[in-house]
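Listed here are the chains, written in short residue letters.
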Amino acid sequence: RAKAEGKGRYSLFENDLTSPVRHLKEIENDLRAALKSGTGLKLVYQPFYDREGQVTGAEALCRWDHPVHGALSPEIFIRVAEERGLIDELGRWALDKACHFAASTNLSKIAVNVSPLQLRNPSFVPMVLQTLENSGLAPTRLELELTERAVLEQSREIADILIRLRSIGIKIALDDFATGNSSLQYLRDHRVDCLKIERSFIARLGKDEESDRLVQAIFGLARATGVSVTVEGVETKTQHSLLASMGCKTFQGFLLSSPMEPEKFEELLRGEGTSSSLETT
Ligand code: C2E
Ligand code: MG
Ligand code: MG
Ligand code: MG
């Protein structure tokens, strides 16, 4: 279970700094093979909770059990996929899997991370539409999470893609909000539906007043522009209650639940799984 929970994973380069290039090539080849055979790759699901502690949706997060190195952080293999031209295939695989999974549940929202590079592929939008059709998932139940790197590129093309996706009913979330510098522009231009405040801001909540005021200000900004907010990385009850007092409606983080294997997550949805740690108090 530790792997799925995001703990116990390590950086490939931590123990061996001597041959990162060889490693990269090796990872690239192994990732290509994994995509081809469909083995070793999987998605885990981290729930979103409302203020009452009810599960309202989930984010799909990719895991890869490397044949030799074991569980690798997505921070590493997603980057390799991006750099070596494998991200379209990996992204398509993840979207397909997540949409099929969500369609088999009563989840109102499934969030899928999308690499900025995927938006540059002209077949991205048709691919998304096809995946929705294949899985039978209503577009309004799908949210695509884009990091600011994606939207940093203020091109007309990217803006048009977001407009097209949103006109179909798909939601767009700005992931790791406030780490880039395009955020405000995107809020002003109403190009996104949701923003996910970067985890490091949440980590400092309750520790210094400035952080509290900053996060409070982000909520104000979101309200002013009619955008919803999801908070990721909620680890303590102090953070949770501070955020609730700021008007936060959607919470995600280890305090409530780690990413889970699909079977575990289904148990949770059926009410059989462990409930959020907030309810036990
Ligand atoms: P992200 O989308 O911002 O996802 C949040 C990360 O925070 C996840 O790490 C999650 O496991 C972790 N997390 C959740 N709650 C907490 C908490 O309370 N405390 C702390 N410290 N961490 C928490 P993970 O799964 O390692 O993913 C890292 C990043 O890799 C993701 O960041 C996302 O950018 C990328 N990623 C993961 N899966 C995919 C995918 O299928 N496609 C793409 N393009 N990127 C992906
Ligand atoms: Mg995300
Ligand atoms: Mg994030
Ligand atoms: Mg992140």
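Basis of the calculations
Residues numbered from 1 in each chain as written. Chains lettered and ligands numbered in written order. Predicted model: local features only at pLDDT ≥ 70, side-chain atom pairs only at ≥ 80, totals over all residues. Heavy atoms only, no water. Helix = DSSP H or I, 4+ residues; strand = E, 2+ residues; numbered from the N terminus. Buried < 20%, exposed > 50% of the residue type's maximum accessible area, 1.4 Å probe, protein only. Contact = heavy atoms within 4.5 Å. Areas by Shrake-Rupley, 256 points an atom, 1.4 Å probe, with all protein chains shown as cover. Near = heavy atom within 4 Å. Polar contact = N/O pair within 3.5 Å; in protein donor to acceptor, adjacent residues only side chain to side chain. Nonpolar A, V, L, I, M, F, W, Y, C, P; charged D, E, K, R; others polar. pLDDT = per-residue confidence, 0-100. Core = buried A, V, L, I, M, F, W, Y, C linked by side-chain atoms within 4.5 Å. Donors = N, O, S within 2.8 Å, 3.2 Å for Na, K, Ca; no water.

A few words now on the overall build of the chain. Check the secondary structure of the chain and you find eleven helices and nine strands. Within the chain, the proportion of its 281 residues that are buried is 51%. Sequence-distant contacts in the chain: of pairs separated by 6 or more residues, those separated by 24 or more amount to 68%. Counting every atom, the chain has about 13400 Å² of accessible surface; 51% of that belongs to carbon and sulfur.

So, about the site of ligand 1. The full set close to ligand 1 counts 24 residues, and R63, D175, R199, E235 and F254 are the nearest of them. In this structure, C62 approaches ligand 1 through a main-chain N or O atom, which is 3.0 Å from a nitrogen atom. Residue R63 places a side-chain N or O atom 2.9 Å away from an oxygen atom belonging to ligand 1. When isolated, ligand 1 has an accessible area of 800 Å², and the protein chains bury 88% of it. Every element with two or more residues in the shell around ligand 1 is listed here: β2 (55–66), α2 (74–83), β4 (110–114) and β6 (171–177). No other element matches the four residues that β2 contributes to the shell around ligand 1. Tallied by class, the residues present in the shell around ligand 1 amount to nine nonpolar, five polar and ten charged.

For the rest of this paragraph, the subject is the confidence of the model for the chain. Of the residues in the chain, 85% reach a pLDDT of 70 or more, and the chain-wide mean stands at 88. For the stretch residues 1–10, pLDDT sits under 50, and the model shows 26 contacts to residues farther than four places along the chain or on other chains. This prediction of the complex comes with two scores: 0.90 for pTM and 0.97 for ipTM.

F124, L142, L144, I197 and L243 are the most contacted members of the largest nonpolar core, which has 75 residues in total. At eight residues, helix α3 (residues 87–103) tops the list of elements feeding residues into this core. Aside from chain neighbours lying at most four places away, what touches L142 is L95, C99, I110, V112, V128, L132, L137, I170 and K171.

Turning to the coordination of the magnesium ion (ligand 2), a few remarks are in order. Every protein donor of the magnesium ion (ligand 2) is accounted for by E59 (OE), N113 (OD1), E145 (OE) and D175 (OD), and the metal-donor separations fall at 2.0 to 2.3 Å. Between consecutive donors of the magnesium ion (ligand 2), the numbers of intervening residues give the motif E-x53-N-x31-E-x29-D. Assessed through its relative accessible area of 30%, N113 is described here as partly exposed.

Time to look at the environment of A71. Along the chain, the position of A71 falls in strand β3 (residues 70–72). Each C-alpha atom, one on A71 and one on L61, is 13 Å from the other, the two residues being ten residues apart in sequence.

The subject of this paragraph is the environment of C248. Within the secondary structure, C248 is located in the loop between α10 (237–245) and β9 (250–251). Spatially, the C-alpha atom of C248 lies 7.6 Å from that of V231, the residues being 17 residues apart in sequence. Leaving out residues up to four positions away in the same chain, C248 has contacts with R51, F219, V231 and L243.

Position of Q252 relative to the elements: it lies in the loop between β9 and α11 (262–269). Judged by its relative accessible area of 1%, Q252 falls in the buried class. Of note is the side chain of Q252, whose polar atom sits 3.5 Å from the backbone oxygen of Q46. Apart from residues no more than four positions distant in its own chain, Q252 is found in contact with Q46, P47, F48, E59, K196, V231, E232, G233 and V234.

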